[in-house]
Amino acid sequence: MSIEVRDLSKRFGAFQALDDVSLTFNSGELVALLGPSGCGKTTLLRIIAGLEYADTGAVLLAGEDATATHVRERGVGFVFQHYALFRHMTVFDNVAFGLSVRPRRLRPDKGDIARRVHRLLELVQLDWLADRYPDQLSGGQRQRIALARALAVEPRVLLLDEPFGALDARVRKDLRAWLRRLHDELHVTSVFVTHDQEEALEVADRVVVINQGRVEQVGTPQEIYNSPATPFVYGFIGDANRLSGQAAAGWADFHGLRVAAPEFGQSEPRPVTGYIRPHDIELKSEGGTGVAGRVESVAQVGAALRISVRVGESAPSLQVELPHHGGHWPFAVGQAVHARPRAGRVFAG
Amino acid sequence: MAKRVIPGFGLSLGFATFYTSLIVFIPLAALFAKGLSLGGADLWRVVSDPQALASYKLSFGAALAGALINLLFGGLVAWVLVRYAFPGKRIVDALVDLPFALPTAVAGIALTELYGRNGWFGAPLGELGLKVAYTPIGVTVALTFIGLPFVVRTVQPVLAGLDRELEEAAASLGADRWQTFRRVLFPALLPAALTGFALAFARAVGEYGSVVFISGNMPFRTEITPLLIYSKLEQYDYAAASALGMVMLLFSFVLLLLINGLQFWTVKRAGG
């Protein structure tokens, strides 16, 4: 089922949590709401769920206005960051809860409920935990139970609020891949909130980047990473060297580093800010065409070398990343080098 | 014995045992010694006297009724204090503790005044044909008054600590407010509510000061066991007073044990 939000705004006192947000989520999509903490992404998710109401604007589910519909009637499954499992119920009863609170005429009989709960527990691969209590489970298991509980009511939409936020790095990675596979199996429209760019880029079909209550960019992970639409997205997604300089006649110059800037075709120079990814900078030890500099530090991080290069007294250090496959390091501290950007993005101001 | 992480086990256990012996166990043992000095036949005659039997019924019946009323309405007060913001909330919050602070005799006189034949409550109730002062109902009113803080103060922090997300999760799964309360909130609050109930009940069983004024102390009708004990003391019949005290103690102990057992069971079910 598709979700659409139109012109949503929400204030908490003096704090503008959402500022005129309009978005469409297509049926069957897995979308990430990505942004720094306090950017409004959780508020947006809660408004879609009906756990919060917007000051202005509308929420449409499957094309129908659901702005005033109570969370009970919206048919959404909500997964909380801290699981919100019922501690006094077994795992089985937790998952069965949504079915057992249905009005009598819509409630499946006991055997049917048991069958459905076990099918869901098998789906999240925790069937053997049915008789345990939530306190006896690990964090990753609890979150999978919370997901099974949300899926039990056969929601039209699945909403997940930082679903892996409280888990340690290893479990996060496993669950992330697992959620992607689960979504490919179920195809229920899903929206999840995260502040972890890697999580968003790896799992989602589309990513919505939010900052200070506004949508900065919407696109596939590739679009978001390869062509960030705003300076914020450039700084937030992946690493980038942020440089100040001047642009004129289709080129921008940052302390001697030249980046193509076709939007700035005018003849008189204008102040600009440039973003260059560390892996988009080429280093040559001699005879290079780029700007001359000196290596400040070298460190190996996994399969990459991180090199810091000083290209001038007034310029900030340039962060450069090179693939590295073992063997000795091609650059040493203090060595003279030439740096040349292969790509970059220039914004006015 | 396994090595312990927290030091001072021997010392602290020794002190705790010594202290509870000094404060609780030795005085109670003295009570039993005095009561048992009566000898079998006399002891049985004193504790099974019809007047004594009637007083047990009133004491424990009214204390249980008072504690049950407090369980219900004290829980409600705690709910209102935690869940809603309203002007004067702090004053209401402070009022809850007053039955602790007030000398119980003062409370007894005030209640007797209110519920007496010409009192603010007593007069209209009398017209409806309901007599409160000098009846078992009056005793229950007094015991309800003094037991209120216990349930409120035990339920309040637990309710305040309950995660709002639990209710949101229940709502998103389609539960209405009543189902959410019955199946999610109530089981979480029950252990604390039972503790409050046990405390209110224990306090009410031993209560004396506030009851003597409102009950009228009519033997077989409105005489509570503590008062019967007091009248034995006035007749210098210390052994009989001790014997009645023993009976109260044993009853209370068994009832509290039952409530504790029930509480243990609910906590275990709450997975906590």
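One can find the structure itself at the top, above this paragraph.
Treat the numbers as computed from the prediction; the structure is a model and nothing was measured. (Residues numbered from 1 in each chain as written. Chains lettered and ligands numbered in written order. Predicted model: local features only at pLDDT ≥ 70, side-chain atom pairs only at ≥ 80, totals over all residues. Heavy atoms only, no water.)

Enquirer: Please explain helix α8 (residues 136–161) of chain B as it appears in this structure.
Expert: Given 3.6 residues per turn, any residue in an α-helix points the same way as the ones three and four places further on. Here α8(B) contains 26 residues, and its C-alpha end-to-end distance of 38 Å stays within 8% of the 38 Å for a straight helix at 1.5 Å per residue. The largest bend in α8(B) amounts to roughly 40° and is located at B:G147, with the proline B:P149 lying one to four residues further along. (Helix = DSSP H or I, 4+ residues; strand = E, 2+ residues; numbered from the N terminus. Expected span 1.5 Å × (residues − 1). Bend = angle between axes of the 7 residues up to and from the residue.)

Enquirer: Before we go on, may I ask you to explain the pattern of salt bridges in this structure?
Expert: Two side chains that carry opposite charge are able to pair once their charged atoms sit near each other. All names here are of chain A. Here the structure, examined in full by the defined rule, presents 30 salt bridges over all chains. Taking the shortest distance from any N to any O, the salt bridge between R87 and D135 comes out at 3.0 Å. Here R87, found in the loop between β6 (76–79) and α3 (91–100), pairs with D135, found in the loop between α4 (110–123) and α5 (139–152); they are 48 residues apart in sequence, far enough to count as distant. You can call D135 partly exposed: its relative accessible area is 34%. Here R172 ties to D196 by a salt bridge, and the two come within 3.6 Å at their closest N and O atoms. Taken together, the residues R172 in helix α6 (residues 169–186) and D196 in the loop between β8 (189–194) and α7 (197–203) connect sequence positions 24 residues apart. With respect to class, R172 is no different from D196; both count as buried. Taken together, the salt bridges that share partners define one network made up of R172, K173, R176, D196, E198, E199 and E202. (Salt bridge = Lys/Arg side-chain N within 4 Å of Asp/Glu carboxyl O. Buried < 20%, exposed > 50% of the residue type's maximum accessible area, 1.4 Å probe, protein only.)

Enquirer: Which parts of the structure should I look at to understand the interface of chain A and chain B?
Expert: Interface extent is often summarised as the accessible area lost during association of the parts. Listed as interface residues are 24 residues of chain A and, on the opposing side, 20 residues of chain B. The junction of chain A with chain B conceals about 2,000 Å² of combined surface from both sides, 60% of it contributed by carbon and sulfur atoms. If you sort the residues of chain A by the area they bury against chain B, A:R72, A:H88 and A:V101 come out on top, with a joint share of 31%. In this structure, the connection of chain A to chain B is made through one salt bridge. A:R46 is the salt-bridge partner of B:E168, the closest N and O atoms lying 2.7 Å from each other. The interface formed by chain A and chain B holds four residue pairs in polar contact (both at pLDDT 80 or more) in total. Among the residues forming the side of chain A that touches chain B, the class breakdown is 14 nonpolar, five polar and five charged. (Contact = heavy atoms within 4.5 Å. Buried area = accessible area lost by both parts, 1.4 Å probe. Polar contact = N/O pair within 3.5 Å; in protein donor to acceptor, adjacent residues only side chain to side chain. Nonpolar A, V, L, I, M, F, W, Y, C, P; charged D, E, K, R; others polar.)

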